[in-house]
Protein chains: 2
Amino acid sequence: MTTDSSAPESGLSRRKLLGAAGLGALAAGAVGAGAGFAIGDKPVEVVPDPDALPIPFEGKHQAGIVTPAQDRLYFAALDLTTESRGDLILLLKEWTEAARKMTQGNDVGEFGAVAGSPFAPPEDTGEALGLPPSGLTITIGFGRGMFVDGKGKPRFGLDGKLPDRLKDLPLFSGDRLDDALCGGDLAIQACANDPQVAVHAVRNLVRIAFGRASVRYSQMGFGRTSSTSSAQVTARNMLGFKDGTANIKAEDAKDLDDFVWVPKGDGPDWMVNGSYLVTRKIDMRIEIWDREPLEGQEAIIGRTKGSGGPLSGGDEFDKLDFKAKGEDGELAIGKVAHVRLAHPDFNKGAKILRRGYNFVDGSNGLGQLSAGLFFIAYQRDPEKQFVQIQRNLAGKLNDVLNEYIVHVGSGLFACPPGVTTEGYWGEKLFA
Amino acid sequence: MTTDSSAPESGLSRRKLLGAAGLGALAAGAVGAGAGFAIGDKPVEVVPDPDALPIPFEGKHQAGIVTPAQDRLYFAALDLTTESRGDLILLLKEWTEAARKMTQGNDVGEFGAVAGSPFAPPEDTGEALGLPPSGLTITIGFGRGMFVDGKGKPRFGLDGKLPDRLKDLPLFSGDRLDDALCGGDLAIQACANDPQVAVHAVRNLVRIAFGRASVRYSQMGFGRTSSTSSAQVTARNMLGFKDGTANIKAEDAKDLDDFVWVPKGDGPDWMVNGSYLVTRKIDMRIEIWDREPLEGQEAIIGRTKGSGGPLSGGDEFDKLDFKAKGEDGELAIGKVAHVRLAHPDFNKGAKILRRGYNFVDGSNGLGQLSAGLFFIAYQRDPEKQFVQIQRNLAGKLNDVLNEYIVHVGSGLFACPPGVTTEGYWGEKLFA
């Protein structure tokens, strides 16, 4: 392993292959980063496909949180199978080096997928050869189980390092959690504009972890349901509605400070500039939802299905007026409409940064879609933010949407700050 | 329903939304179909993102067979729950109209997702609102079970219409088929460059089928593993190898006639210009494969992992020399190498048109990837083509690759010819 994020001279790097093989992945009119042509004596700069470009790995914060949400997700939760502190630190170092390479479009390892000894297994599994970086970000988080065992006994010498905020989420009314889809000592969130690139990233990190950590569950996702940048169009969830209109955006500096990043003095030092990640696998009763009349669907959500404008009037990004009444004298946005119950005004001002994805896991035994939302949210304080909002939403007496959705998986992870050029994930935790 | 593939004036069509909302889905530099700008007095034509454009639905053959393989797949096999011929014909007519609309980027139905009566369920489920057509093709096939029941008794008055070629595939050595992942009376293959568009297509067809057919199984796929056009780069499978290098291409007119399209006089008239579809869900023992040294992996496949060139020498598209020997005096492409066993020279000249996709269904109970290849092949004569080749590959005594893969699902479908502007899928079968 090396800390050099450029491809080794000896290897057949993806970057080198890109010129020939990656062309098909770039949109027409974009023949390569920075390439150009001329019409007469007028130079025309060709803009490369932004979906193919790399996203910087190093920084104050981990990438993949406020990064404009990529189109595809592969998420994995792992259990540590070692009890050695040294093993864990080495694993985090090796993961950091691998992520540094993969996010920049390079193979894992010194020799990569197709060089090195022909008698040894390749260092990289190879299925991303020839694909561009595709906006890959890899974000990791630490579960409570990494700090303490089931009896509260410290693991890995991390006595006194467990953040107060990393306590198990409460069971919410209506939860039907499957233990196999909950928890995990480590989380990997790989987002990219090409699912093969996201899968390659998780597969190689899991492979590196062999003998130290194994996968508890993993989840593919597509069609990001939350825009995390004001430059992004709001995508639709499997209910057919725009989701994430009122989400915190990367451009809202104050909201990021207030609601996403852990500041100094707010919990352990090693989490400064980090964030807490909540995941929820939410199954949807798609076929039943599809039987609900349009007016009913819109009343449940509190927005129109077409434009996403609030039922109180106006277009998608117009302010929600919770007091407005319709011609019938009833509240335009009902008392139990999803947007009302989830809104900061009804949650002591709480906001979360969402970056969830739709999923389809095929069909169930009844021939119905096994589909829904893999909900992902980042926040400074899970208790005051996700838990506050979810308590407001959960239970059949509240959000009518609960008739159509079921939470089956759950996770909470402390995501450390970003890494420096020489550093590794969680370095300050072990310092 | 109407046969008009353009959006209804009353509805909020995806095409209309595209101008505003679809922009994010188009690559930089491509601001809309046919749009352009000028530099000085030189007009510059902006090429729209080819991945966003519609593919014609009507034609001599169904789209989605020789169509350059799109990036994403959603496949569903359905069982007919009606015994009424009239129901089946109406279903096929309704499916045809819905596919005609969706493939051109429009909502299903007269009023679509967000118009029509607010008191009725929307005709379209809405999650593709604002997304471009994304190269969507919908291809359907008829399983043996549509023609005869388990005792060979005709269904739907289709006496004498069952093609001889639509007989159950034999059980191959090493098969570990799961009945729940096999068969089906009807198949829907939806391919698109956006998974949400492919999911939307299948979801809406399944919804239309309610009371007449229900889903037996469905499968998501990504990272097409076969290039079906010589303009496409060969993609990689989950083994990290280029797959489909020697595939029949849309440009090979003679091969298409010889191996893909059913000609007049070759079986029932209603299948002329149709093709037979074989599907195989192939699980891969990914973690074991990743332990195999590079040289071993390459020997098993018969090609290099990097360029995809044959082990007999040369680059990806160079001819395979099955007699060439290495420095050690052994055959360069071994006797049981996958490319040798699968090659026409060793299969009485048989070729198939492949358009399979990688899949990742999460992880299994051992923390291993539930991943592999959803194999899809089109051919004139399954017995002489897929069955011939698979017999050569199957069994541990043959292709060493069988140590790393397991066939768990299987299907065979007769795909009728394409539809005319006024016609419907399978029209000639019921004439």
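Keep in mind the model is a prediction, meaning the values are calculated, not measured.

1. Some details on the overall build of chain A
Phase 1 of the analysis: Counting its secondary structure elements, chain A contains ten helices and eleven strands.
Phase 2 of the analysis: Counting all 431 residues of chain A, 59% fall into the buried class.
Phase 3 of the analysis: Within chain A, contacts between residues separated by at least 24 positions form 73% of all contacts whose residues are at least 6 apart in sequence.
Phase 4 of the analysis: Of the roughly 16,600 Å² that chain A leaves accessible, carbon and sulfur atoms contribute 53%.

2. Remarks on unusual backbone geometry
Of all residues except glycine, most have a negative phi; of all peptide bonds, most are trans.
Phase 1 of the analysis: In the Ramachandran plot, A:Ser134 falls in the positive-phi region, its phi being about 60 degrees despite a non-glycine side chain.
Phase 2 of the analysis: Given a relative accessible area of 3%, A:Ser134 falls into the buried group.

3. Some words on helix H9 (residues 383-393) of chain B
Spacing of three or four residues puts side chains on the same side of an α-helix, whose turn is 3.6 residues.
Phase 1 of the analysis: Among all positions of H9(B), only B:Gln385, B:Phe386, B:Val387, B:Gln388, B:Ile389, B:Gln390 and B:Leu393 are buried.
Phase 2 of the analysis: Residues of H9(B) that are buried in the fold lie against helix H5 (253-260), strand S7 (275-284), helix H8 (338-342), strand S10 (369-379) and strand S11 (405-415) of chain B.

4. Looking at the interface of chain B and chain A
Phase 1 of the analysis: Between chain B and chain A, the contact holds 65 residues from the first and 65 residues from the second.
Phase 2 of the analysis: With both sides pooled, the region where chain B packs onto chain A buries about 5,100 Å², and carbon together with sulfur makes up 61% of that total.
Phase 3 of the analysis: When the buried area of chain B at its contact with chain A is split by residue, B:Arg203, B:Asp290 and B:Leu294 rank highest and sum to 11% of it.
Phase 4 of the analysis: The tally of links between chain B and chain A comes to two salt bridges.
Phase 5 of the analysis: Here A:Asp290 and B:Arg203 are joined by a salt bridge, their closest N and O atoms 2.8 Å apart.
Phase 6 of the analysis: For the pair chain B and chain A, the number of links is 20 residue pairs in polar contact (both at pLDDT 80 or more).

5. Quick look at the pattern of salt bridges
Residue and element names in this part refer to chain A.
Phase 1 of the analysis: Taken as a whole, this structure holds 40 salt bridges over all chains when the rule is applied.
Phase 2 of the analysis: We note a salt bridge from Arg100 to Glu97, for which the minimum N-O separation is 3.2 Å. You can see Arg100 and its partner Glu97 sitting in helix H2 (residues 85-103), three residues apart, about one turn around the helix. For the pair Arg100 and Glu97, one class covers both residues: buried.
Phase 3 of the analysis: Residue Arg216 pairs with Asp179 through a salt bridge whose shortest N-O separation is 3.4 Å. With a gap of 37 residues between them, Arg216 in strand S6 (residues 213-222) and Asp179 in the loop between helix H3 (144-147) and strand S5 (186-192) connect regions that are remote in the sequence.
Phase 4 of the analysis: Looking at Arg216, the relative accessible area reads 27%, which means it is partly exposed.
Phase 5 of the analysis: One network of salt bridges, in which partners are shared, links Arg165, Asp266, Arg380 and Asp381.

6. Points about the packing of aromatic side chains
Phase 1 of the analysis: Under the defined criterion, the tally for this structure stands at 22 aromatic pairs over all chains.
Phase 2 of the analysis: Taking 6.1 Å as the distance between ring centres and 45 degrees as the angle between the ring planes, the aromatic pair formed by A:Phe142 and A:Trp270 counts as tilted. Of this pair, A:Phe142 sits in strand S4 (residues 137-143) while A:Trp270 sits in the loop between helix H5 (253-260) and strand S7 (275-284), and the two are 128 residues apart along the sequence. When sorted by exposure, A:Phe142 lands in the same class as A:Trp270, which is buried.
Phase 3 of the analysis: Considering the side-chain rings of B:Phe57 and B:Trp425, the 5.5 Å spacing of their centres and the 70 degrees angle between planes classify their relative orientation as edge-to-face. Here the residue B:Phe57 occupies a position in the loop between strand S2 (42-45) and strand S3 (72-80), and B:Trp425 occupies one in the loop between S11 and helix H10 (427-430), the gap between them amounting to 368 residues.

7. Some details on the pairing of strand S9 (residues 357-363) of chain B
All names here are of chain B.
Phase 1 of the analysis: With respect to burial, S9 is a largely interior element, five of its seven residues being buried.
Phase 2 of the analysis: Bridge analysis of S9 against S10 gives five bridges, and the strand direction is antiparallel. Each residue of the ladder has a partner; that of Phe359, found in S10, is Gly372.
Phase 3 of the analysis: Count of turn residues in the S9/S10 antiparallel hairpin: five residues, of which Gly367 carries a positive phi of about 80 degrees.

8. Some remarks on the UniProt feature "domain: Dyp-type peroxidase N-terminal" (unreviewed entry) in chain A
Phase 1 of the analysis: When the UniProt feature table is mapped onto this chain numbering, "domain: Dyp-type peroxidase N-terminal" (unreviewed entry) sits at residues 62-222 of chain A.
Phase 2 of the analysis: Here residues 62-222 of chain A is 23% helix and 20% strand, with 21 Å between the C-alpha atoms at its ends.

9. Things to note about the relation of the copies chain B and chain A
Phase 1 of the analysis: Turning chain B through 180 degrees and shifting it by 0.0 Å along the axis lays it on chain A, with an RMSD of 0.0 Å. Taken together, the rotation and translation describe the operation of a two-fold axis.
Phase 2 of the analysis: A symmetric contact is evident, with 100% of the interface residues of chain B recurring at the interface of chain A.

10. Some thoughts on the state of the cysteines
Phase 1 of the analysis: Evaluation of the coordinates by the stated rule reveals zero disulfides over all chains.
Phase 2 of the analysis: Free cysteine: A:Cys182, not disulfide-bonded; nearest cysteine sulfur from A:Cys415 at 17 Å.

11. Observations concerning the side chain of A:Thr125
Phase 1 of the analysis: Mapped onto the elements, A:Thr125 comes out in the loop between H2 and S4.
Phase 2 of the analysis: Reaching out from A:Thr125, the side chain makes a polar contact with the side chain of A:Asn204 at a distance of 2.9 Å.
Phase 3 of the analysis: The residues touching A:Thr125, leaving out its near neighbours within four places in the chain, are A:His200, A:Arg203, A:Asn204, A:Arg207, B:Leu239, B:Gly240, B:Asp290 and B:Lys305.

12. Some points on the environment of B:Ala192
Residues and elements named next belong to chain B.
Phase 1 of the analysis: Among the secondary structure elements, Ala192 is positioned in strand S5 (residues 186-192).
Phase 2 of the analysis: Put simply, Ala192 and Gly130 are 62 residues apart on the chain and 15 Å apart in space, counted from C-alpha to C-alpha.
Phase 3 of the analysis: Filtering out sequence-adjacent residues up to four positions away, Ala192 remains in contact with Gln70, Asp71, Arg72, Ser134, Gly135, Leu136, Val197 and Ala198.

13. Remarks on the side chain of A:Gln379
All names here are of chain A.
Phase 1 of the analysis: Tracing the chain through its elements places Gln379 in strand S10 (residues 369-379).
Phase 2 of the analysis: Take Gln379: its relative accessible area is 0%, and that puts it in the buried class.
Phase 3 of the analysis: Ignoring any residue separated from it by four or fewer positions in sequence, one finds Gln379 in contact with Phe259, Val260, Ser275, Tyr276, Leu277, Val278, Ile352, Gln385 and Phe386.

14. Quick look at the packing of helix H2 (residues 85-103) of chain B against helix H4 (residues 195-208) of chain B
All names here are of chain B.
Phase 1 of the analysis: Interaxial distance between H2 and H4 falls to 10 Å at its minimum, and their mutual angle equals 155 degrees. Classed by the angle they form, the pair H2 and H4 counts as roughly antiparallel. H4 is crossed by H2, and the crossing has right-handed handedness. The segment H2 lies against H4, with Leu91, Glu94, Trp95, Ala98 and Met102 engaging His200, Ala201, Asn204, Leu205 and Ile208.
Phase 2 of the analysis: Grouping the constituent residues of the contact of H2 with H4 by class yields seven nonpolar, two polar and one charged.

Scoring rules and cut-offs
Residues numbered from 1 in each chain as written. Chains lettered and ligands numbered in written order. Predicted model: local features only at pLDDT ≥ 70, side-chain atom pairs only at ≥ 80, totals over all residues. Heavy atoms only, no water. Helix = DSSP H or I, 4+ residues; strand = E, 2+ residues; numbered from the N terminus. Buried < 20%, exposed > 50% of the residue type's maximum accessible area, 1.4 Å probe, protein only. Contact = heavy atoms within 4.5 Å. Areas by Shrake-Rupley, 256 points an atom, 1.4 Å probe, with all protein chains shown as cover. Buried area = accessible area lost by both parts, 1.4 Å probe. Salt bridge = Lys/Arg side-chain N within 4 Å of Asp/Glu carboxyl O. Polar contact = N/O pair within 3.5 Å; in protein donor to acceptor, adjacent residues only side chain to side chain. Phe/Tyr/Trp six-rings, centres within 6.5 Å; stacked < 30°, edge-to-face > 60°. Pairing = 2+ DSSP bridges. UniProt positions renumbered as here; feature names shortened; annotations may be inferred. Least-squares fit on C-alpha atoms with pLDDT ≥ 70 in both. Disulfide = S-S within 2.5 Å. Axes fitted to C-alpha atoms, helices over the stretch in contact; angles between N-to-C directions. Parallel < 35°, antiparallel > 145°, perpendicular 65-115°, else oblique. Left-handed = near helix turned anticlockwise from the far one by under 90°. Nonpolar A, V, L, I, M, F, W, Y, C, P; charged D, E, K, R; others polar.

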